[in-house]
Amino acid sequence: MQFFHISNLTYAYKDETVLHNITLEYDSKDFLTIIGPNGGGKSTLLKLILGLLEYKNSICFSNITKEEIGYVPQNNFINPNFPARVLEIVLMGLVGKKNFGFYNKKDKQKALEALDKVAMADFSERKITELSGGQRQRVLIARTLIDECKMLLLDEPTTSVDTKNAVQIFELLQSLHKQGIGIIAVCHDINIVLAYSDVIAYLNKELFLHSNPKEKQKSEFLKHLYENHSHFCDVELSLNACFCEQSCENKELCEKECKKVNNA
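No experiment lies behind these values; they were computed from the predicted model shown. Sequence positions are assigned chain by chain, starting from 1 and proceeding in written order. Since the coordinates come from a predicted model, pLDDT governs what is reported: local features require at least 70, and pairs of side-chain atoms require 80 or more to be given and counted, while whole-chain, interface and lining totals use all residues. Side-chain metrics rest on all non-hydrogen atoms present in the structure, leaving aside hydrogens and water.

1. Quick notes on the nonpolar core
Working definition of a nonpolar core: buried Ala, Val, Leu, Ile, Met, Phe, Trp, Tyr and Cys residues. They are joined through side-chain atoms within 4.5 Å. For every residue, the accessible area obtained with a 1.4 Å probe (protein chains only) is divided by the maximum for its type, and the residue is called buried under 20%, exposed over 50%, and partly exposed between those limits. The biggest cluster of nonpolar side chains holds 51 residues, and the ones touching the most others in it are V139, I141, L152 and L173. Under the scheme used here, helices are H or I runs from DSSP no shorter than 4 residues and strands are E runs no shorter than 2 residues, and both carry numbers assigned from the N terminus. The dominant element in this core, judged by the number of residues it contributes, is helix 5 (residues 163-178), at seven residues. Dropping the residues within four chain positions of it, L173 is found in contact with F31, I141, L152, L154 and I183. Counting residues in each nonpolar core, the second largest holds 30 residues, with I22, L24, Y26 and L50 among its members. For this analysis, residues touch if any pair of their heavy atoms sits within 4.5 Å.

Here it is, written out as structure tokens:
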């Protein structure tokens, strides 16, 4: 289902062109990831889609409204003196639709359901400052899901987490995509991008689209790593090997998965 169409978009901050002649169609069947150098216009493009930046020629939406788009920005700094609980953070996704910020039982139930979708329901009463970087990112994703989100835009969702948590976040995004939610994510980790994306957009002022015949073995291997290894990093991802004999809790399964990937 097509959600939006951008045609010949050029955007500048004062006299500096950030985006030049961008054309992009997005269909919800695609898991789209945007890569490119710093300053290439990735965040600007997301903000234009969201309507956070003004543009005289509108982006054409179909089958979706801006209110049905969820957004997880790049920087989500948590003030250590901010005592909010996880449930309260998720309820903030309803701000603007509630009078005086009062939430009823139905709202709280929706928040718990959103947390359940990201496997964080058991942490609902925890303070947000007590969570790890990966857990916080899951909570922020839940905040977008509470309000019937049909498309999710994420700006560098793996920036503040290690490789293991990055894989877990993309496993979560893949699961949400299979449930029918459109996913557009900015990400710098090419190994993860190649494992999960249907379409990859390289953006450096100009945009170039690449179809990605996702290697099923690659994503299965990444899932195997985070489920069976206490440690893995970019080395294992790049080599497609997990050195099972050194560190695996389930050596037989590891050897089977590694053999499958290396023989593909």
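Still more ground to cover, so stick around.
2. A short note on the environment of A166
Here A166 lies in helix 5. Distance in space between the C-alpha atoms of A166 and G134 is 7.5 Å, their sequence separation being 32 residues. What A166 contacts, discounting residues up to four positions off in sequence, is T158, V161 and I192.

3. Side note on helix 4 (residues 133-145)
By definition here, a helix of n residues has an expected span of 1.5 Å times n minus one. Taking 1.5 Å per residue, 13 residues should reach 18 Å; helix 4 reaches 19 Å between its end C-alpha atoms and fits that length. Along helix 4, the positions that sit buried rather than exposed are G134, Q137, R138, V139, L140, I141, A142, T144 and L145. If you follow the buried residues of helix 4, they end up packed against strand 5 (69-72), helix 2 (86-91), helix 3 (105-117), strand 6 (151-155) and helix 5.

4. Observations regarding the sheet that holds strand 4 (residues 60-61)
One open sheet accounts for three strands, arranged 2-1-4; its pairing is antiparallel. Across the chains shown, the open sheet's two edge strands, defined by having one partner strand only, are strand 2 (16-27) and strand 4. To obtain an axis, a line is fitted to C-alpha atoms, over the contacting stretch when the element is a helix, and the angle between two such axes runs from 0 to 180 degrees between their N-to-C directions. Across the face of the sheet, helix 1 (residues 42-50) comes into contact with strand 1 (2-13), strand 2 and strand 4 while running at roughly 125 degrees to strand 1. Two strands qualify as a pair provided DSSP detects at least 2 bridges between them.

5. Some remarks on helix 1
Taken across its nine residues, helix 1 has seven buried, putting it largely inside the fold. When we look at burial in helix 1, the residues that qualify are K42, T44, L45, L46, L48, I49 and L50. Just past helix 1, the residue G51 takes up positive phi, approximately 85 degrees.

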